[in-house]
Each structure stands twice: as C-alpha cells, then as structure tokens.
Amino acid sequence: MEQPDGLDDPGYAAFAWGRFRRILWGMAAVAVLAAGLAEYWLWATMGELHVVTAIATFLGVFFTIMMAAALMGLMFLSSGSGHDAQVEDPLKDEVDLD
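First, a word on what this report is: a plain description of the structure on this page. Just so it is clear, the structure is predicted and the values come from calculations on it, not from any experiment.

1. Thoughts on the overall build of the chain
For the chain, the helix and strand inventory stands at two helices and zero strands. The buried share of the chain, reckoned over its 98 residues, is 20%. Put simply, of all contacts in the chain between residues at least 6 apart along the chain, 67% involve residues at least 24 apart. Entry remark: accessible area of the chain is about 7,600 Å², with carbon and sulfur atoms responsible for 68%.

In structure tokens, the structure reads:
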C-alpha cells in the first residue's frame, strides 16, 4: 500500500496548515478569556492590582496557553499528515524493544 504524501502534497499542506491556523485563532480567543478570568479572580480576591502585575499576569496566562496549544497542534499536525509514519528508524534491525 502506498504511503500518502502528507505535507509534501501542496494541496494537503495548504489544508493542514489552514486548519492549524484556525485552531490557533480559536485557542487565542480561549486564552484571552482565560487570562481575563484570571485577572478578574485576582482583582476579586486581592483588590486593585498594580499595572505591571496585571500586565504580567495577563501575558503569562495568555502565552502559556498559546504555547501549549501550538505544541499540541504541531504534534497532531505531524501525526495526522503522515510525517510520523514516514520516519525511517535506522536501528530497527539492531535494537530489540521486546
């Protein structure tokens, strides 16, 4: 059976990267919401925050969620596009994993 070309096929690559971008835009909206909720919770429990604290908290929560979303998205992109199946293991005959 022939392996799919995955991201080597320009049409599929455009589709896959477009889907990845759409997921990241959706996760950016979720990250903004989560950062806003974190800011509100801090304000409700601690009172007024310094501007630097508020900005650092917002950016920290936002970029933590975005980093996790980007890494997970790339992992699923690699797996779903067939790139993981195309990897050749040069030690498969030399190392027994059983």
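Moving on, there is more to tell.
2. Points about the nonpolar core
The biggest cluster of nonpolar side chains holds seven residues, and these are F20, L24, A28, A31, F62, M66 and A69. Broken down by secondary-structure element, the contributors of at least two residues to this core are α1 (10-46) and α2 (51-81). With four residues, α1 is the single largest residue contributor to this core. Beyond its immediate sequence surroundings of up to four residues, F62 is in contact with A28, A31, V32 and A35.

So, how was this worked out
- Residues numbered from 1 in each chain as written.
- Predicted model: local features only at pLDDT ≥ 70, side-chain atom pairs only at ≥ 80, totals over all residues.
- Heavy atoms only, no water.
- Helix = DSSP H or I, 4+ residues; strand = E, 2+ residues; numbered from the N terminus.
- Buried < 20%, exposed > 50% of the residue type's maximum accessible area, 1.4 Å probe, protein only.
- Contact = heavy atoms within 4.5 Å.
- Areas by Shrake-Rupley, 256 points an atom, 1.4 Å probe, with all protein chains shown as cover.
- Core = buried A, V, L, I, M, F, W, Y, C linked by side-chain atoms within 4.5 Å.

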